[in-house]
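# Examining the three-dimensional arrangement
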Amino acid sequence: MIETAVFEALDEVMDPELDEPITTLGFVRSVELDGGVLTVHLRLPTAFCSPNFAYLMASDSKDALRDLAPHVVVVLDDHHDSDVINRGIAADAGFVGTYGEEASRELEELRLTFQRKAHAAAMERAVREVPLERLRSLTLQDLPATRASEALRRRRSALGFDTAPDAPVLVDDIGAPLPPGELPLRLRFARSVGISIEGNAHFCRGLLRTRYALEETA
Amino acid sequence: MYSKDGETYFIVDAHVALWDARPENQRNIHGKQFIDCFYDYHRNLSPESEVWPYEEYLYQGGDRLMKDLFDDGYVDHAIFQPAHLGAFYNNGFGQTEEAWALTSKHPDKLTYNHCWDPRREQKGLDELKRDAERFGLKGVKLYTAEWYGDSRGYRLDDPWSYKYLETAQELGIRNIHVHKGPTIRPLDRDAFEVADVDHAATDFPELNFVVEHCGLPRLEDFCWIATQEPNVHAGLAVAMPFIHTRPRYFAQIIGELLYWLNEDRIQFSSDYALWTPRWLVERFVDFQIPEDMTEYAPLTVAQKKKILGLNAAKMYDIPVPEGLDVAPVEQEAVSVA
């Protein structure tokens, strides 16, 4: 089934702001294979979602689907910049090639900013139950086998951080251990980051349901 | 004024609009997309009983606004915060003349803030001086995602932005309401980032910067700069209606703002006509942080009074009736080295 293969491939494409795959967010609208042409339509919660994130998700989707058919077409529906983005994606033009003078560079820095936010939030979630006196010497092997610990390891890998069992858990945005004196403030801020990401994800799901008159899903 | 359980709350709605998004005013498809996006916000976050038909949502007019805010909505004073959106609407989205006529008729109830666009450079700067005099401006609303010619946004720390802020300071316009949107120039940056507000707030310490929807979707970045800049305030536009759909998230927003800022720097608004104030005021007065969320202290009546009106009244020199005021705390919540 092509649909299953497509969804499996797109499970790896994240909404960078919401730190969740576009599949579980409901952003994949339709999948069609006609001869050698695989066409996937994407949709977003509003017509005014930021064009940079919209471009990133569409372009990542095309990359993820390349091996599934000789020709892959990814179409972003109902966005204020659909025409521009769809042309750019079809031509593999890159963000700068698509937006010309409106863009100063590709989107790797933007992606990195949000991978760092996702990491900070996952780190705080993974250590929430750990008493402060144990935090300073905490290593990855000390973490319980929970989904939060697993999520933290994945986000560390994405950023190229050390995932060895004896690697320190509490690190900053570039992977360096956090200064012990700053731990309470840094973790408190990381908690705010997590609240923000979760809140946005919930709002976006709700808006998508409203926009496309979808049934409530779990 | 709203009274409940022996307490009376003075209500300032710090962010309202008189907009016209009817088809005849839509310049292009984006005019429709924009109001449709607002309508989805409205439908998604309102209690069912408060949802308006689409046609009513496109345009309200002055009489309806007065009724919704002052007759039905408990509001004592409201502040217009217009978005121009000239690239989407023929006569603009916020209706300047209509809002100003209404303000002139009810100066005790309404304050008119205007908007500027730094990309209009000297011409806009000259206009700002005339507007300041005509409207007696105390504040402005800046939508940094506004489209203008080939540009789809600007930053508050652009050189021309600084010229406008300098002029505002000279003209006595002290309250700068900043509204972030999805586009900015260059487009590869995060449009919701608030670092430019940080720079401007540092360089213009005499001005107040009210960041609307408290920086959402970047609540954390907003809190981080507001902790360090005492002249940065949180506007609750768009955040308020979460009180209905997601009260625990709303508790987190309020809890975070009280933790990183303090109770003197948070302002209520309905964001009319996105939502109406009546149900928001009622719900907020009844609201409490859920007991199991022990990381936040319970909300006090004094905090609610400040947020619902006293903070904005102070910023805008709006007289508060005898006996309804509460003293400010005059201290910052968090100290960051």
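Residues numbered from 1 in each chain as written. Chains lettered and ligands numbered in written order. Predicted model: local features only at pLDDT ≥ 70, side-chain atom pairs only at ≥ 80, totals over all residues.

### Concerning the overall build of chain A
A count of helices and strands for chain A gives 8 helices and 5 strands. Overall, chain A shows an N-to-C arrangement of helices and strands of α-β-β-β-β-α-β-α-α-α-α-α-α. Each principal axis of the C-alpha atoms in chain A carries an extent, and together these give about 60 × 40 × 35 Å. The buried share among the 218 residues of chain A stands at 38%. Considering only contacts within chain A whose residues lie at least 6 apart along the sequence, 63% involve residues at least 24 apart. (Helix = DSSP H or I, 4+ residues; strand = E, 2+ residues; numbered from the N terminus. Buried ≥ 20, exposed ≤ 12 C-beta atoms within 10 Å, placed from the backbone. Contact = placed C-beta atoms within 7 Å.)

### A look at the domain arrangement of chain A
Residues and elements named next belong to chain A. If you check the domain split of chain A, you get domain 1 (2-106) and domain 2 (108-205). Of note, the centres of domain 1 and domain 2, computed from C-alpha atoms alone, are 28 Å apart. Taken together, the contacts link 11 residues of domain 1 with 11 residues of domain 2. Among the residues making up the side of domain 1 that touches domain 2, the classes are represented as 5 nonpolar, 1 polar and 5 charged. (Domains from an automatic or database assignment. Nonpolar A, V, L, I, M, F, W, Y, C, P; charged D, E, K, R; others polar.)

### Quick notes on the nonpolar core
Core analysis: the biggest nonpolar cluster contains 154 residues, and Val197, Val211, Cys214 and Leu257 of chain B have the highest contact counts within it. Two domains each put at least three residues into this core: domain 1 (2-106) and domain 2 (108-205) of chain A. Sequence-distant contacts of Cys214 of chain B, defined by excluding residues within four places in its chain, comprise Leu219, Phe222, Ala234, Gly235, Leu236, Ala239, Ile253 and Leu257 of chain B. (Core = buried A, V, L, I, M, F, W, Y, C linked by C-beta atoms within 7 Å.)

### Looking at the environment of Asn200 of chain A
With respect to the element layout, Asn200 of chain A can be found in helix H8 (residues 183-211). Asn200 of chain A gets classed as buried once you count the C-beta atoms within 10 Å, which come to 20. Once the C-alpha coordinates of Asn200 of chain A and Leu18 of chain A are considered, the two residues, 182 residues apart in sequence, prove to be 6.7 Å apart. Beyond its immediate sequence surroundings of up to four residues, Asn200 of chain A is in contact with Glu17 and Leu18 of chain A together with Pro217 of chain B.

### Overview of the sheet that holds strand S3 (residues 12-16) of chain B
All names here are of chain B. Ordered in space as S3-S4-S5, the 3 strands form an open sheet in which the pairing is parallel. Strands at the two margins of the open sheet, each flanked by one partner only, are S3 and strand S5 (110-112). The mean angle between the axes of side-by-side strands here comes to 20°, regardless of whether they run parallel or antiparallel. Inspection of the sheet shows strand S4 (residues 77-80) paired to S5 by 3 bridges, in the parallel sense. Looking at the pairing, Phe80 lines up with Tyr112 of S5. The sheet contacts of helix H4 (residues 96-105) involve S4 and S5, and relative to S5 the element is tilted by about 140°. (Pairing = 2+ DSSP bridges. Axes fitted to C-alpha atoms, helices over the stretch in contact; angles between N-to-C directions.)

### Observations regarding the environment of Arg105 of chain A
Residue position: Arg105 of chain A is located in the loop between helix H4 (94-99) and helix H5 (108-126). A C-alpha to C-alpha distance of 24 Å links Arg105 of chain A and Val73 of chain A, two positions 32 residues apart in sequence. Ignoring anything within four residues of it in the chain, the contact list for Arg105 of chain A reads Val96 of chain A together with Asp188 of chain B.

### With respect to the packing of H5 of chain A against H8 of chain A
Residues and elements named next belong to chain A. Interhelical geometry of H5 versus H8 gives an angle of 110° and a closest axis separation of 8 Å. Judged by the inter-axis angle, H5 sits roughly perpendicular to H8. Between H5 and H8 the crossing geometry is left-handed. Contact with H5, carried on its side by Lys117, Ala118, Ala120, Ala121, Met123, Glu124 and Arg125, involves Leu187, Ala190, Arg191, Val193, Gly194 and Ile197 of H8 and no other residues of that element. In terms of residue class, the contact of H5 with H8 is made up of 8 nonpolar, 1 polar and 4 charged. (Parallel < 35°, antiparallel > 145°, perpendicular 65-115°, else oblique. Left-handed = near helix turned anticlockwise from the far one by under 90°.)

### Some thoughts on the pairing of strand S8 (residues 175-179) of chain B
Residues and elements named next belong to chain B. The buried fraction of S8 amounts to 5 of the 5 residues, a majority that puts the element mostly inside the structure. For the segment spanning strand S7 (residues 139-143), helix H6 (residues 159-171) and S8, crossover handedness is right-handed. Judged from the 4 bridges that link them, S8 and strand S9 (residues 208-211) form a sheet pairing that is parallel. When the bridges of S9 are listed, His177 appears paired with Val210. In this fold, the crossover linking S8 to S9 by way of helix H7 (residues 195-203) has right-handed handedness. (Right-handed = clockwise from strand over helix to strand, strands pointing away.)

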